[in-house]
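# Examination of the molecular architecture
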Amino acid sequence: MFQALPGKGVPGEQILDELRELRRADLPTHGGRLFAYVYDPALDGLDDLARAAHAISAHVNGLDPTAFPSLLAMENALVGAAVKLLRGGAEAVGSVTNGGTESLILAVKAARDSRPELSGPRLVIPSTGHAAFAKAAHYLRVALDVVPVGDDLRADPAAMAAAITPDTVLVAASAPSYAHGVVDPIPELAAVAAERGVRFHVDACFGGWVLPYLRRLGAGLPEFDFAVPGVTSISVDLHKYAYAPKGVSVLLHRDEALRLPQYFAYAGWPGYTMINPVISSTRSGGPIAAAVATLRAIGDAGYLELAERTREAVAILAAAVTATDGVRLFAPPETTVVCLTADNDTATVNTAGPVDLFVLADELAARGWHTQPQMAFGDLPATIHLTVTAAVRATADEFAAGLADAVAAARARGPVLLPEALVAAAGALTPEMVTPELVAGLAEGLGLGGGDFTQMAAVNSLLDVTPPALREALLTGFLSLLQRPATEPAAAAGDGHGVG
C-alpha cells in the first residue's frame with residue numbers, strides 16, 4: 001500500500017523509486033503509441049529542459065504579479081506569442097490558464113458578465129462543441145443551446161443563426177472539433193454572430209497551435225483566427241501542440257474591453273483585495289516557466305517541422321485505415337485527427353464476419369496501440385479517435401500491420417454479446433436509481449473490480465446502448481468508486497516505510 005503520510009519521513013531515493021513503480025502502471029506518454037491525452041514531439045532533451053524550468057519557478061505564486069514580476073513577464077511573453085501566431089492586432093490581450101476547460105469557462109464568464117441586464121443568458125454551440133462548454137454553462141448557470149451539425153460534421157451557419165436569441169451572450173465553434181478533427185466554418189459563423197451583435201469564440205484549444213503551421217505547409221484549411229472579422233476570443237492550449245507540459249492554456253480577446261468582464265474582484269472583507277484574471281488565485285509558476293522554455297527551445301521553425309511530421313503521420317495512418325477491410329475513415333483527416341469506424345458492409349460480413357469497434361480498441365491496445373473509443377451519438381456511429389502528434393511519425397508505418405492484425409483478431413472474437421438480463425436491467429434504470437452499491441456490483445460483474453482496465457469492450461458496449469444521462473450517472477458513480485482514500489494498516493503508522 002502506498003502511503004502519503006508515514007509515521008516517519010522516508011528517504012528521498014526510496015520515494016522516487018515508489019513513484020517510478022506507480023508510473024509503470026500508466027500508459028506510455030512517449031513513443032508514439034498513445035493516441036489521446038498526451039502530446040509528444042519526440043525531441044531529445046526537451047523534457048529535461050522543461051523540468052528544470054519548472055523547478056526554477058515552482059514556488060512562485062501567480063496571485064500577485066507585483067510580488068513576482070518574473071511570472072508576469074513570462075505570462076505576457078506566452079500571450080504575445082499566441083497573439084502573433086493567431087494574428088491578433090495591437091489591441092489583443094490574453095490570460096494564461098491551467099487548461100482548455102478553464103479557458104472556455106472564462107470565455108463564457110466574460111460573455112455572460114458583459115450582459116448583466118440579462119436574467120437568462122444563453123450560449124449557442126454546435127453538437128460537436130467540446131463538453132467543457134456544457135461544464136461552463138452548468139457552473140455559470142448559462143442556458144446551453146446545442147445545434148445539430150451537418151452531414152459533414154461541421155457547424156451549420158444557418159442553423160446556428162436560427163438558434164441565436166436576444167438572450168444569447170456567446171456563440172462558439174471549433175477549430176478543429178476534438179471528436180472528429182474537422183474545422184467549423186469560422187468566417188460564416190463569425191459573420192452571423194457579428195450581425196446579431198453577439199460575441200463569437202473560437203475553441204482552438206486542440207488545434208490552435210498547429211493549424212497555422214499546417215496552413216503554411218499547404219493544408220486547405222479555412223481561416224479561423226483573429227484575421228476573421230467577428231471573432232472576439234480564441235482559446236489555445238500550449239500543452240497540446242505547443243508541446244509544453246501540463247497544464248498551460250491561453251485565452252485571447254480581440255481587445256481589453258472584451259476581456260475585462262473575465263476578471264473577478266472583491267474588496268468586501270478585511271483581507272487583501274482579491275483580483276483574479278483567471279479562476280485560480282494561487283498559481284504555481286512552474287508550468288508557465290516550463291511552457292516558456294518549451295516555446296523558446298522549439299522556435300517557429302521547429303514547430304513548422306513538427307507540424308510537417310505530424311501531417312505525414314496522419315496521411316500514413318489514414319491510408320492504413322483506408323486499406324484495411326472492416327474499418328473506414330469516418331471524417332476527413334484534414335488536421336491532426338484520424339477518426340475511424342467499423343465498415344460492416346454485407347459482403348464483407350458474410351465472408352469475414354463483423355468488426356466490433358470496441359473489441360477492436362481492446363485488440364489494438366493489446367498490440368501496444370492505445371486509442372480512444374467514442375460512443376455513438378444521435379445518428380453518428382461509435383468511432384475510434386486517434387490524436388496524432390509528431391512522435392507518431394516514427395511509428396506510423398507499423399500501424400498498418402497492427403491495425404490489420406487487430407481487425408482480424410476482433411473478427412475472430414466476434415461482437416460483444418451482453419447478457420440479456422444485464423441489458424434489460426440497464427434499460428430499466430434511470431439516473432436516479434444509480435447508487436454506489438449498484439455501481440460496485442456492476443463493476444465487479446464487468447470485471448473491473450480488481451482495477452484491470454485492459455479489456456473494456458463489454459463496458460463500452462454497455463455504455464454505448466445507455467442513454468446519455470444514464471451513462472453520465474454510471475460513469476460518475478464508477479469514478480467515485482475509484483476515488484476512495486487509501487486504507488493504511490494500523491501497524492504501518494509508525495514504521496517509517498512508504499510501501500506496505
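Residues numbered from 1 in each chain as written. Predicted model: local features only at pLDDT ≥ 70, side-chain atom pairs only at ≥ 80, totals over all residues. Heavy atoms only, no water.

### Considering the overall build of the chain
Tallying secondary structure elements over the chain gives 17 helices and 13 strands in all. Taken over C-alpha atoms, the radius of gyration comes to 24 Å for the chain, in line with the 23 Å a tight globule of 500 residues would show. Overall size of the chain, expressed as C-alpha extent along the three principal axes, is 65 × 65 × 50 Å. Taking all 500 residues of the chain together, 48% fall into the buried category. Counting only contacts in the chain whose residues sit at least 6 apart along the sequence, the fraction spanning at least 24 positions is 74%. Accessible area for the chain stands at about 22,900 Å²; split by element, carbon and sulfur atoms hold 59% of it. Within the chain, one finds 34 positive and 53 negative side-chain charges whose respective centroids are separated by 5 Å. (Helix = DSSP H or I, 4+ residues; strand = E, 2+ residues; numbered from the N terminus. Rg over C-alpha atoms; globule rule 2.2 N^0.38 Å. Buried < 20%, exposed > 50% of the residue type's maximum accessible area, 1.4 Å probe, protein only. Contact = heavy atoms within 4.5 Å. Areas by Shrake-Rupley, 256 points an atom, 1.4 Å probe, with all protein chains shown as cover. Lys, Arg positive; Asp, Glu negative; His and termini not counted. Charge placed at Lys NZ, Arg CZ, Asp CG, Glu CD.)

### Remarks on the pairing of strand β6 (residues 233-237)
The side chains of a regular strand alternate between the sheet's two faces. Burial runs high along β6: five of the five residues are buried. Of the two faces of β6, the one carrying Ser 233, Ser 235 and Asp 237 and the one carrying Ile 234 and Val 236 are both buried. Pairing of strand β5 (residues 199-203) with β6, which is carried by three bridges, proceeds in the parallel orientation. Paired with His 201 across the two strands is Ser 233, which belongs to β6. Since β5 and β6 lie parallel, the crossover through helix α8 (residues 211-216) that links them has a hand, and here it is right-handed. Note: β6 against strand β7 (residues 249-253), five bridges, orientation antiparallel. (Pairing = 2+ DSSP bridges. Right-handed = clockwise from strand over helix to strand, strands pointing away.)

### With respect to the sheet that holds strand β2 (residues 122-126)
The strand order β1-β7-β6-β5-β4-β2-β3 describes an open sheet built from seven strands, whose pairing is mixed. The open sheet terminates on both sides in strands that have one partner only, identified here as β1 (93-97) and β3 (143-147). Direction aside, the axes of adjacent strands within the sheet are offset by 20 degrees on average. Pairing of β1 with β7 involves five bridges; the strand directions are antiparallel. By the bridge assignment, Val 93 is partnered in β7 with His 253. This element, helix α4 (residues 100-113), spans β1, β2, β4 (168-174), β5, β6 and β7 of the sheet and lies at about 25 degrees to β7. (Axes fitted to C-alpha atoms, helices over the stretch in contact; angles between N-to-C directions.)

### Let's talk about empty space enclosed by the protein
Overall, the coordinates contain two cavities of 30 Å³ or more when judged by the stated rule. Estimated volume of the largest cavity: approximately 50 Å³. Contributing to the lining of the largest cavity are Pro 28, Thr 29, His 30, Gly 31, Gly 32, Arg 33, Leu 34, Val 38, Asp 40, Thr 389 and Ala 391. Residues belonging to the lining of the largest cavity are distributed by class as follows: four nonpolar, five polar and two charged. Lining the second largest cavity, in full, are Trp 209, Val 210, Tyr 213, Tyr 241, Tyr 243, Tyr 303, Leu 306, Ala 307 and Thr 310. At four residues, helix α10 (residues 286-323) tops the list of elements feeding residues into the lining of the second largest cavity. Residues of the lining of the second largest cavity, tallied by class, amount to eight nonpolar, one polar and no charged. (1 Å grid on protein atoms, 1.4 Å probe; cavity = no way out; pocket = protein on both sides within 12 Å on 5 of 7 lines; lining within 4 Å. Points joined across faces, edges and corners; volume = space filled by probe spheres on them. Nonpolar A, V, L, I, M, F, W, Y, C, P; charged D, E, K, R; others polar.)

### Observations regarding α4
The end-to-end C-alpha distance of α4 is 20 Å, a good match for the 20 Å that 14 residues give at a rise of 1.5 Å each. Counting buried positions over the 14 residues of α4 gives 11, a clear majority of the element. What α4 keeps buried is the set Gly 100, Glu 102, Ser 103, Leu 104, Ile 105, Leu 106, Ala 107, Val 108, Lys 109, Ala 110 and Ala 111. (Expected span 1.5 Å × (residues − 1).)

### Brief notes about the pairing of β1
Here β1 lies mainly inside the structure; five of its five residues are buried. On β1, burial covers both faces: Val 93, Ser 95 and Thr 97 on one face and Gly 94 and Val 96 on the other are all buried.

### Concerning the packing of aromatic side chains
Centre distance and the angle of the planes are the two values used to describe a pair of aromatic rings. Taken as a whole, this structure holds 11 aromatic pairs when the rule is applied. Judged by centre distance (5.8 Å) and plane angle (70 degrees), the rings of Trp 209 and Tyr 303 are edge-to-face. In this pair, Trp 209 is assigned in the loop between β5 and α8 and Tyr 303 in helix α10, connecting sequence segments 94 residues apart. Here the two residues Trp 209 and Tyr 303 agree in accessibility, since each one is buried. (Phe/Tyr/Trp six-rings, centres within 6.5 Å; stacked < 30°, edge-to-face > 60°.)

### As for the side chain of Glu 102
Following the sequence through the fold, Glu 102 ends up in helix α4. For the buried Glu 102, no salt bridge exists, and the shortest N-O distance to an oppositely charged side chain is 6.6 Å, to Arg 283. Those residues in contact with Glu 102, other than ones at most four positions away along the chain, are Thr 97, Val 278, Ile 279 and Ser 280. (Salt bridge = Lys/Arg side-chain N within 4 Å of Asp/Glu carboxyl O.)

### Comments concerning the confidence of the model for the chain
Atomic detail in the predicted coordinates should be set aside for any region of low pLDDT. In this model, the chain carries a mean pLDDT of 92, and residues with pLDDT of at least 70 account for 96%. Across residues 491-500 the pLDDT falls below 50, and counting only partners more than four positions away or on other chains, this stretch makes 22 contacts in the model. (pLDDT = per-residue confidence, 0-100.)

### Here we look at the packing of α4 against helix α5 (residues 131-140)
For the pair α4 and α5, interaxial distance at closest approach is 9 Å and the crossing angle is 50 degrees. With respect to α5, the axis of α4 lies oblique. Of the two possible hands of crossing, α4 and α5 adopt the one that is right-handed. Two secondary-structure elements touch here, α4 through Thr 101, Leu 104, Ile 105, Val 108, Lys 109 and Arg 112 and α5 through Ala 132, Phe 133, Lys 135, Ala 136, Tyr 139 and Leu 140. In terms of residue class, the contact of α4 with α5 is made up of eight nonpolar, one polar and three charged. (Parallel < 35°, antiparallel > 145°, perpendicular 65-115°, else oblique. Left-handed = near helix turned anticlockwise from the far one by under 90°.)

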